[in-house]
Amino acid sequence: MKGKLWRMLSEIVPYTISRKEKLKDWSFSDGSEEKTVTPPFEWDFNSAPVWFRKELEPFSVAEGQRAYLELWFGGETLVLVDGKPYGEINEYHRTLNITLLADGKPHTIEAQVMPRGLFGKPEKPVFSKAFFTIIDEELMKVVKTLELVIRTAEVVDDRALSKKLLDISEEFLSKIWIPRDTETYLKAAPMDPGIKDEIKNTWSTPEFREFSGAQLPGELRKSIIDEFGRFKEKLKKLKEEHPSTGIVHLVGHSHIDYAWLWPVEETKRKILRTFANSVLLSRLYPEFVYTQSSAQMYEDLKKNSLELFEEVKKLVEEGRWEPVGGMWVESDCNVPSLESLIRQFYYGQKFFEKEFGKKSKVCWLPDVFGFSWVLPQILRDVGIEYFVTTKLNWNDTNEFPYDLCRWRGIDGSEVLYFSFKNPNEGYNGKIDPDTIYKTWNNFRQKDLTNKVLLSFGHGDGGGGPTEEMLENYRIMNQIPGIPHLEMGTVGSFFEKMNVDGDLPVWDGELYLEVHRGTYTSQSRVKKLHKEAEDGLYLAELISAFSDRDFSEEIDDLWKAVLRNEFHDILPGSSIREVYEDAEKELTFVKERAEKIVRESIDSLRVEGENTLTLLNASSFPKRFCFKLNEDLNLYLSFQGRVLLKQRTHDGKYVYFLDTEIAPFSKIELEVQKSTIEKPARKDESLFMENEYMRVEVKEDGTIQIYDKELDRYIFEEKGNILKLHKNIPPYWDNWDIAEGVEKTEYTLKAKSVEKVEFGPVREVVRVEYEAEGSKITQYYILYRKSRRLDIETKIDWHTRRALLRAYFPTTVLSRRARFDISGGFIERPTHRNTSFEKARFEVPFHRWMDLSQTDFGVSILNDGKYGGSVHQNVMAVSLIKAGIFPDFLCDEGKHEFTYSIYVHPGDDLRDVVREAEELNRPLLAVSGRLNIPSSFLEVSPQNFKLTSLRKVKGKIVIRLVEIFGTSGKLSIKIPWEGKIYLTNLLEEERKEVSFPLSYRPFKIYTFVVE
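The structure contained in this document is the topic of the report that follows.

Rules of the game
- Residues numbered from 1 in each chain as written.
- Predicted model: local features only at pLDDT ≥ 70, side-chain atom pairs only at ≥ 80, totals over all residues.
- Heavy atoms only, no water.
- Helix = DSSP H or I, 4+ residues; strand = E, 2+ residues; numbered from the N terminus.
- Rg over C-alpha atoms; globule rule 2.2 N^0.38 Å.
- Buried < 20%, exposed > 50% of the residue type's maximum accessible area, 1.4 Å probe, protein only.
- Areas by Shrake-Rupley, 256 points an atom, 1.4 Å probe, with all protein chains shown as cover.
- Lys, Arg positive; Asp, Glu negative; His and termini not counted.
- Charge placed at Lys NZ, Arg CZ, Asp CG, Glu CD.
- Axes fitted to C-alpha atoms, helices over the stretch in contact; angles between N-to-C directions.
- Parallel < 35°, antiparallel > 145°, perpendicular 65-115°, else oblique.
- Left-handed = near helix turned anticlockwise from the far one by under 90°.
- Contact = heavy atoms within 4.5 Å.
- Nonpolar A, V, L, I, M, F, W, Y, C, P; charged D, E, K, R; others polar.
- Pairing = 2+ DSSP bridges.

## Observations regarding the overall build of the chain
Link 1 in the chain: When helices and strands are counted, the chain shows 19 helices and 59 strands.
Link 2 in the chain: Taken over the C-alpha trace, the chain has a radius of gyration of 33 Å; the compact-globule value for 1010 residues is 30 Å, and the two agree within 12%.
Link 3 in the chain: Principal-axis analysis of the C-alpha atoms places the extent of the chain at approximately 110 × 65 × 60 Å.
Link 4 in the chain: For the chain, the residues scored as buried account for 61% of the 1010 residues in total.
Link 5 in the chain: When the accessible surface of the chain is split by element, carbon and sulfur atoms take 47% of a total near 39,400 Å².
Link 6 in the chain: Where the 143 positive side-chain charges of the chain centre and where its 164 negative ones centre are 1 Å apart.

## Here we look at the packing of helix 15 (residues 523-543) against helix 16 (residues 551-563)
Geometrically, a packed helix pair is captured by the angle between its two axes and the distance between the axes.
Link 1 in the chain: Running from amino to carboxyl end, helix 15 crosses helix 16 at an angle of 165 degrees, the nearest separation of the two axes being 11 Å. Between helix 15 and helix 16, the angle is such that the two are roughly antiparallel. Relative to helix 16, helix 15 is oriented so that their crossing is left-handed. Seen from helix 15, the contacting residues are H529, A532, L536, A539, E540 and S543; seen from helix 16, they are I554, L557, W558 and V561.
Link 2 in the chain: Here the contact of helix 15 with helix 16 is built from residues that sort into seven nonpolar, two polar and one charged.

## Section: the sheet that holds strand 53 (residues 944-952)
Remark on secondary structure: sheet strands pair via backbone hydrogen bonds, oriented parallel or antiparallel.
Link 1 in the chain: The strand order across the open sheet formed by five strands is 53-54-59-56-57, and the pairing between neighbours is antiparallel. Of all the strands in the sheet, the pair left with one neighbour each is strand 53 and strand 57 (990-992). This sheet shows a mean twist of 25 degrees between the axes of neighbouring strands, independent of strand direction.
Link 2 in the chain: Pairing of strand 54 (residues 955-962) with strand 59 (residues 1004-1009), which is carried by six bridges, proceeds in the antiparallel orientation. Looking at the pairing, V957 lines up with V1008 of strand 59.

## Examining the pairing of strand 6 (residues 65-72)
Walk down a regular strand and you will see the side chains alternate between the two sheet faces.
Link 1 in the chain: Of all eight residues in strand 6, seven are buried; the element is thus mostly enclosed.
Link 2 in the chain: Pairing geometry for strand 6 and strand 12 (residues 129-136), over eight bridges, is antiparallel. Across the sheet, A67 pairs through a bridge with I134, a residue of strand 12.
Link 3 in the chain: One ladder, built from three bridges, connects strand 6 with strand 9 (residues 95-97); its direction is antiparallel. Along strand 9, the bridge assignment pairs Y68 with N97.

Encoded structure:
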C-alpha cells in the first residue's frame, strides 16, 4: 500500500509550484575578468572563490504564496542581498526563500562560490541552475502532512495505529483528482518525484517542455483543501486515541568543524554561510531556536560581517539564538594541558559575557574523542553545570551505560551528563518521524525523565537546519504515535528537566573506544603545541616581574594555541593543508613567547658581566645541571664550588654541580673565562655507568639497566625495543589504531651503535636504525647522579600506514599502572580481564606513566608524546602513527623528541613528577644579574604544580593544582604586597584568604593578588 500512496501523493507535487521562471544574464567575476553569463556556464575551478551578481526586479506574492530562488552555481555558496549576507546554497539548501524581498523594490543578488561540497569534495564548477519560483503554501502543506503521516506509519511499532494512518491517507488520496488529460499530465510529469526518473530513462521518451509552473482549476484546488480539512479531523481523533508519550526537545544546530577536510580559511566562509542561513530561518520562523558553540567562530563572524554579527546578538537577546559551550573552540580533551583546558573556558566564557551578556551553563562537545577526568572540576568552576556529548555512542566494543548521569571528576566535582542517540545522523539530526521516534526509543532512562534532547541541522561541514525541517516541526505535533515536540535552547532543556529519582554516577574519565590513534597522529604538531604551551607558561611567569605589559599580546597567542586544539586539528584527523597552517601558527606562538621572555629579561637585567643567572621556573627542586648553546669556554662557580663541565657531541656545553636549586628561585654563578679546555675522555665500550645505574647498550640498539642500589635488573631481557606495526584500521585511517595491531610487529635492529660522549657530567651512546624508508637516530644519555636515562630521538619518517612503538618489558609485578593527566593521574589495570579493559588498549597520558610495586617502580617520561599502554609488565609508548587519510603524508618528514626511563625505589610518585618536570622545564640560563627576588614564589607542601602565574592589568594571578591526591594545609609566599583572594577560574568570585589554607585532593586553586 505504501508504494501506491507515495505515487498518488507525488502527483500533487507539480501543482505546489505556481510559477517557475529562468533567470538569465548574470554578471560573473573571477577576480581577473567580469562578463555576462547564463546557465549552463562552466568556470575555472582554480579561480575560486568566484562571484555571480544579478539585479532582481521588483516582484510581489499573493497571500498563501512564497517566493524562492532555485540556484546551483557549482559549489557551496554565500548569497548576499544588497551587500548583506542573506543565506546559503549547498547540496542540502538548493533553494533560497526570498519572500521577504517582495517589497516592490529592486534588489541586488550576489553569490560567492567555492567549487566544493560541505565535506570538501571538489564539485564540477558549473553554474547550472537559476530559477525564480512561486510556491502554493496550502498545497505544499497538504503534501508535507501526508508525507509525514505515511512515514510515521512506516516507523511506529503500533501496527494498529500504522494501519489506521495508512487507511485515512489512502481514503484522502483516493478522493483527490488532478487533471489527467495527456497535454496537462505531460507538462506536470517532469516535476512528479514518483515518476520523473522512470519516464526520463526509457528507450524513447516524450518531448518534455521546460516546466514553468502548474496551477489547478479553482474548484479542483478548493476540493483538495476541503478534503484535507476532513483528513486533519480524522488525524486529530487518532491523536486523541493514541496520545504522545515522551517529549523530544529540539534545538537548531550546525556542527561546523573549525578545520577538517578543508582549511581554516574555508571554515570562515562556512561560518558566514551557515550563520546567514540560520538568521534567515529565524526571520521566517518565529519559533525557531538555534544553538552554536565556539567563541572563535563568533569572533571570526564579527571580523568578517559586523552586520550579521549584530543580527545574531539581537537574536541572543530575544532568547532565540544560544551561544553554547563556553569554550573558545570545541577542543580536544586529551592532549591539551590542564591550563589549556582552563583557558578554553576562560577566554570562551569571557567572550560570551562581553559580547552577549551571558555565560553558557552547558559544555557542548558532541564530537570530541574522549574526555579527561579533570574536566568536571573545570566546568563547575567556570559556571557550567551540564555536559552534552553524543560521541560515546561511537564505542566499538562496549556501550556506555548511561544517557543521563552525574559525571564525577577527579576532585569529586560533578556535572550533569547527557547524551542522545540519533541512529541516523547523530548530532546532525533531521526533524522527521524516523529520527524523532528512534531517538526517543533509544533513550534508556525514561524512568528518570520523559524528555530527550535532539539537535537538528546539517553539520560537520556546516549548513545548518533547512526550511523543510521547520515545516515538519509545525506539522508533526498533529500526528499520533510519535513523541511531542518542543523547541528551545539547550539550557532551557536542562532547566525544565524533571528528574524523578536519584541519578547514577560515573566516576572516572570518559574513554572513547575508537580513535585511539589521535593521541599520536600528526606528532610534529602535537610537539609544537606542547612547546607553545610551555613557552606561554614561561612568558607569563617572567613577564609578571617586568614593568612591561604583555598581557594582551599573550592573550592573542593563547587564542592561537586554543584554536589549534580543535578536535580535528590537534588530534591529527585533518587534511595536509590544515597542518601546514598549524605548524606555522604554533611555531609563531613558540618564537614570539621566547621573544617575550627575552624582552622581559632585558628589562630586568642589571649590572653583572661576570655573572650567569639560573632560574628554576618549575614547581619542584632541580638538579644543578644545565646546557649552554653558545660555544664559550666558561668556568662557572657557585659559592666557591666549581661546576663540572663537558663539551657535548653536538658542540654545546653541559654543566653540573652536586646540589639542588629550589623551585621558583634564582641563583647567580660567577663566570670566569679560560682558553684552556680539557679534552673529553674516550671510551669505546657500550656500557654507561653512574652512581646509581649501569646501562648496557646492546648491538641491536636495545638496552638493559641494572640498578646498583636496588640490586636488580629493570627489564626482563632488554628494553626500548622499537617495533614497527602495520596499522590498517577498518576505517578512519588517521584516527584509529587497529585492534590487535601488535600481531603485525616488525622489530627494528640497529644499523650502528657508538659511544659519542664520555666525560664527568654524562655519557652518550648513539644508535642508528633504518627501516621501510625511514631513519631513526637515538642518543642514550646518562647523567651523573641521576636515575633517569634520556633517549633523545631524531626521526626522518617516510613510511605509510605504520605505527612505531617503543616497548619496555619490565621486571615489575603490579596490577595497576598510573598515567599523568596534567592535573593529577589516573590508574588503569595492567590486565585485560573485561571487555572494558581490553578496549582501553591505548591510554592518553601527558608527561609520565608509571608501573610500580611496593619496593620499586619504572616510569616512562616524555616531552611531547601522548599515547601509551601497559599490559601486564610491558610498558609501551607510541612514537609515530602515520596513516593515509585524510592526509596521505601524515607525519612525513623530521621529528625530534625525548623520552626517558626513570627507575625509583618505592611507589611514591613525587620523584616521578619531579623528574618529568625536570625533563620538560629545564633551567633557564641568563647572562648577567636579574632584578627578581631570589625566591619569587614559595609553595608548601610541594604537592602542587603551578599551571600559571601571570600579570593582568596590575594584578597577579596564581594558579596551583594538587596533583598527588593529598589533603592538608597550603601556604604560599609571594614577593608582591597586597591582599590575596581565592577566586574561581574566571577570576570573578573572590574571597579574601590567609595562609595556611586547607586544601583537598586534586583541587585547582586560583589566587588573585591585588
